[in-house]
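Coordinate inspection notes
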Amino acid sequence: MKRLAIAAAIALQALGGAAAGHVMLDGSLSGSQVYPGTERTYQVYVPKQYTGSEPACLYVGLDGVLCNAPAVIDSLIAVGKMPVTIAIFLQPGVIKNAQGEVVRYNRSNEFDMTTGTFAHFLESEVLPAVEGRSTPDGRVIHLSRRAQDHAIFGLSSGGIAAFTAAWQRPDLFGRVFSGVGTFVSMRGGNDLQMMVRKSEPKPIKICLQDGTRDAWNPLFGHWYEGNRMLASALDFAGYDTKYDWSDCTHGVKRASEIFADVMTWLWQGWPAPIATGTTQNDLLRPLLDAGSHWQQGKAKGAAARKVEHSATYPDGSLLVEPIAGSNCLQQSVIVNGKKAYTQPFYWLDSYDNAQLQVGGMAYDDKGNLWVVTSAGIQVLDQNGRVRGILNLPRGAGDATQLAITILQDGTVTLTRCGSAPCTWQRHFNVAPATPGQRPKSQGQG
């Protein structure tokens, strides 16, 4: 486990206002359903401006109190540069044996993972443990449910965890400060810049900080290079970003120096929702219909409908099917009504080297293949490469049970088949394939 070089003396920047004061509540968590066997401690910061009459904004700080955060937040609230905010300073989990000895450090498993597991843990276990607690003077903690009211910060593995929590759950966190983040090849962090480029933009405001001398362990990659590549991807995808590049090493010193400025920037524009940017992705940009979102409806007959886990090219010349145990799809050429020349052809993208759930498939009029997966609706070109990833609707559930249909007016329908049937619809600038016709060739690319 990495040891953050936490400076002993951190100077609080002058903010032009007296610190407002706060109380800190101690807590512990065990019996986790998300991370079985783990136990951890946390602290809750409650500013004196919080009355309990209205829900407060939220700040989550990973690895506990860093960057003199309670004093800085005190001062920022006092001068109106942050809203009234309750902070949770969370430690990673450990697992102990019967003798009380630590037998597993769970930090990398929780923080470096690029799936939505850690965000789910925060939502389902950490926030409920904090909400309803009271300060010594009787103020009951209530937290806002709006993503634009939630910020998250972390360093190193905590830095990637902060980013991933918002990336996977932009409905939960809208503001991110990632310091010296591990966007390298530990658990797929090096792939996040690729996913940012291919995915439709999300309403997240992001600050990245790193330095040219940051390389905790060159075996996994170059920290600074990884951060700069992610920054390039964020700019390409149209995000509201702030970057701090210096000659710092791997530690907390530089993040502490800029913490107040970053918090001020992150909360600028509050309480308005965070805007979604415009991507430069040449497939997504013309495809997305600005302002169109998934709308849920009733699914008549969905319980009896079967998800088609294969698709035939519009002119009937090609067939695509899943490969058991693989995130590739195979393509066969249809010769005299039979499959021939079968090859692994379509390469699907996943998080954390995970086996994807693969649902329904459909071709559009350009010969692009739309595949429902647990990592989103992946749109692949004629040569088998993912060019765009569209968000699934919240609550869609098991992707293997989702059928997809592209309608003539550009509406895409997702139908959850089997138990708890449901449909979602969203408009895109797309047209369905015309049966019997071969789409224009995209060349060999």
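Now for a quick tour of the structure. Predicted model, so just to flag it, every value in this text is computed and none were measured.

1. So, the side chain of S317
- Counting through the fold element by element, S317 comes out in the loop between β12 (311-312) and β13 (318-322).
- A polar side-chain atom of S317 sits 2.7 Å from a polar atom in the side chain of D315.
- Excluding anything up to four places from it in sequence, S317 contacts S332, V333, I334 and R438.

2. Observations concerning the environment of H222
- Here H222 is to be found in the loop between β9 (205-211) and α6 (223-237).
- On the accessibility criterion, H222 (33% relative accessible area) is partly exposed.
- Distance from H222 to V184, taken between C-alpha atoms, is 7.0 Å for residues 38 residues apart in sequence.
- The residues touching H222, leaving out its near neighbours within four places in the chain, are V184, T212 and D214.

3. Concerning α6
- The terminal C-alpha atoms of α6 lie 21 Å apart, and with 15 residues this matches the ideal 21 Å at 1.5 Å per residue to within 8%.
- Every buried residue of α6 is accounted for by W223, Y224, G226, N227, L230, A231, A233, L234 and A237.
- Looking one or two residues past α6, G238 carries a phi angle of roughly 90°, positive in sign.

4. A word on the nonpolar core
- With 67 residues, the main nonpolar core has F118, I152, F163, F173, V196 and L369 as its most contacted residues.
- Not counting residues up to four positions away in its chain, the partners in contact with I152 are V60, L62, L122, A162, A165, F173, R175, V176 and F177.
- Counting 29 residues, the second largest nonpolar core, distinct from the first, contains Y59, V72, F89 and C207.

5. Points about the packing of helix α1 (residues 69-78) against helix α7 (residues 253-266)
- Between α1 and α7, the least distance of the axes is 10 Å, while the angle of their chain directions is 45°. On the basis of the axis angle, α1 is oblique to α7. Note on packing geometry: the crossing formed by α1 with α7 is right-handed. Residue-level contacts link A69, V72 and L76 of α1 to F259, A260, M263 and T264 of α7.

6. What about the pairing of strand β19 (residues 386-390)?
- Within β19, four of the five residues are buried, leaving the element largely enclosed by the surrounding structure.
- Where strand β18 (residues 376-380) and β19 come together, four bridges link them in antiparallel fashion. Within the sheet, the bridge partner assigned to V379 lies in β19 and is G388.
- A loop of five residues connects β18 with β19, the two strands running antiparallel in sequence, and G384 in this loop sits at a positive phi of about 90°.

Conventions used here
Residues numbered from 1 in each chain as written. Predicted model: local features only at pLDDT ≥ 70, side-chain atom pairs only at ≥ 80, totals over all residues. Heavy atoms only, no water. Helix = DSSP H or I, 4+ residues; strand = E, 2+ residues; numbered from the N terminus. Polar contact = N/O pair within 3.5 Å; in protein donor to acceptor, adjacent residues only side chain to side chain. Contact = heavy atoms within 4.5 Å. Buried < 20%, exposed > 50% of the residue type's maximum accessible area, 1.4 Å probe, protein only. Expected span 1.5 Å × (residues − 1). Core = buried A, V, L, I, M, F, W, Y, C linked by side-chain atoms within 4.5 Å. Axes fitted to C-alpha atoms, helices over the stretch in contact; angles between N-to-C directions. Parallel < 35°, antiparallel > 145°, perpendicular 65-115°, else oblique. Left-handed = near helix turned anticlockwise from the far one by under 90°. Pairing = 2+ DSSP bridges.

Remember that the coordinates give geometry; whether it matters functionally is a separate question.
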